Amino acid sequence: MKFLKRTAVLLNALSTLARIRIMAPSVAGAALLAACTSVPPAGTLPAQPAAQASTLPGVKVGIALGGGAAKGFAHIGVIKILEANGFAPVVVAGTSAGSVVGALYASGMNALELQEKAVALDETKIRDLQFSSGGLILGQKLEDYVNEQVRRKPLERLAKPFVAVATRLEDGERIVFSQGNTGQAVRASSSVPGVFQPTAIGRSHFVDGGVVSPVPVDAARQLGADVVIAVDISNKARGQAPTGLLGTIGQSITIMGQKLGEAELARADVIIRPQVLDIGGADFTQRSVAIVEGERATIAAMPQIREKIAQAQAAKEQAARLARQRAAEAQRQACLEQRSRLQKITGKLADLAGLDAACGTP
């Protein structure tokens, strides 16, 4: 009789466990087990519908626009070619002249609109001479012009994330403007020492961002760019000895800026250098030439740009695969823990029910 009773209990337990597995939606523990049946062994990838490929985060292209006064028109040519090839930057960082182009671009203008603005630009709209001990140009006209072009939107409300880099005169700190008055930030970033008067904001005074960050690669990266394209239009020492006192001072400043920018430029994924060294910093008559040189340099860099973007996309896809594998393994572990709890209740019946297979194998 005892044997018959034990057999009956055993059969009853098996029947109950079978019902638990069949009626998984109504039992929390069985629901976990049911979910586990779809978990692949660790190290393999779960099947994904083809449509899910489009849900992978895309590569975020950022552009770092360097300073160079009138040479900055080359930035427009760079952006034109990037847009034409489907690689329009989604985040923008600018120093000095690069902040001017960057602000207008981030406001929602495309490259052709930027070119139209450049061609129509009247220098008197951005140049307000005011002789003082701080500089020859006040900078208020530049601030007003930029604010007019961006429809007086503050930095945080522009169409694309944008920052302008300036140098705080009191302590030499690199300051990245990401909020507030767009025109004022651009003015601060563009205040070339000795040419523009320092820009006063609150209790601080700011000068050209090129003093500490000639090409703002790090600022673009901090905006979340996966691939940073740096545009370097800065002056370079060209193997010629300067003449006179001013020439020596100017050459020395050029060398200092060149050395300063090298370390930050090395952190860019792609560096574009338009051939604009022969264009003077105040020569606005060469704006069309600068734009064309920007286009040429970017066309030459397109194979490298495509390669870097492809590498970044592959890295993102690999990270997504690893995340799916980690999620699958976590689900499997939850399944094993549920199996263990059921084993404590039913003895070895869980093994008889095939729960090991249900949880998958490592």
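Overview of the structure. (Residues numbered from 1 in each chain as written. Predicted model: local features only at pLDDT ≥ 70, side-chain atom pairs only at ≥ 80, totals over all residues. Heavy atoms only, no water.)

### Here's the deal with the packing of aromatic side chains
Point 1. In the structure shown here, the tally under the stated rule is two aromatic pairs.
Point 2. Between Phe-73 and Phe-284, the ring centres sit 5.6 Å apart and the planes meet at 85°, which makes this aromatic pair edge-to-face. One end of the pair, Phe-73, is in the loop between β1 (61-65) and α3 (74-84); the other, Phe-284, is in the loop between β10 (270-272) and α10 (287-346), and 211 residues separate them in sequence. Neither residue differs from the other here; Phe-73 and Phe-284 are each classed as buried.
Point 3. Residues Phe-177 and Phe-206 carry aromatic rings whose centres are separated by 5.3 Å and whose planes lie at 70° to one another, so their mutual orientation is edge-to-face. In this pair, Phe-177 sits in strand β6 (residues 174-177) while Phe-206 sits in strand β8 (residues 204-208), placing the two residues 29 residues apart along the sequence. Comparing Phe-177 with Phe-206 shows no difference in burial state: the two are buried. (Phe/Tyr/Trp six-rings, centres within 6.5 Å; stacked < 30°, edge-to-face > 60°. Helix = DSSP H or I, 4+ residues; strand = E, 2+ residues; numbered from the N terminus. Buried < 20%, exposed > 50% of the residue type's maximum accessible area, 1.4 Å probe, protein only.)

### Some details on helix α5 (residues 111-120)
Point 1. Where α5 is concerned, the buried positions are Ala-111, Leu-114 and Ala-118. Buried residues along α5 cover an arc of 55° about the axis, so they all sit on one side. Exposed residues on α5 whose side chains face more than 90 degrees from its buried face are Leu-112, Glu-116, Val-119 and Ala-120. (Arc of directions from axis to C-beta.)

### Observations regarding the pairing of β1
Point 1. The buried fraction of β1 amounts to five of the five residues, a majority that puts the element mostly inside the structure.
Point 2. Residues of β1 alternate between two faces, with Val-61, Ile-63 and Leu-65 on one and Gly-62 and Ala-64 on the opposite face, all of them buried.
Point 3. Sheet analysis places β1 next to strand β9 (residues 227-231), joined by five bridges and oriented parallel. In the sheet register, Ala-64 faces β9, and the bridge partner there is Ala-230. (Pairing = 2+ DSSP bridges.)

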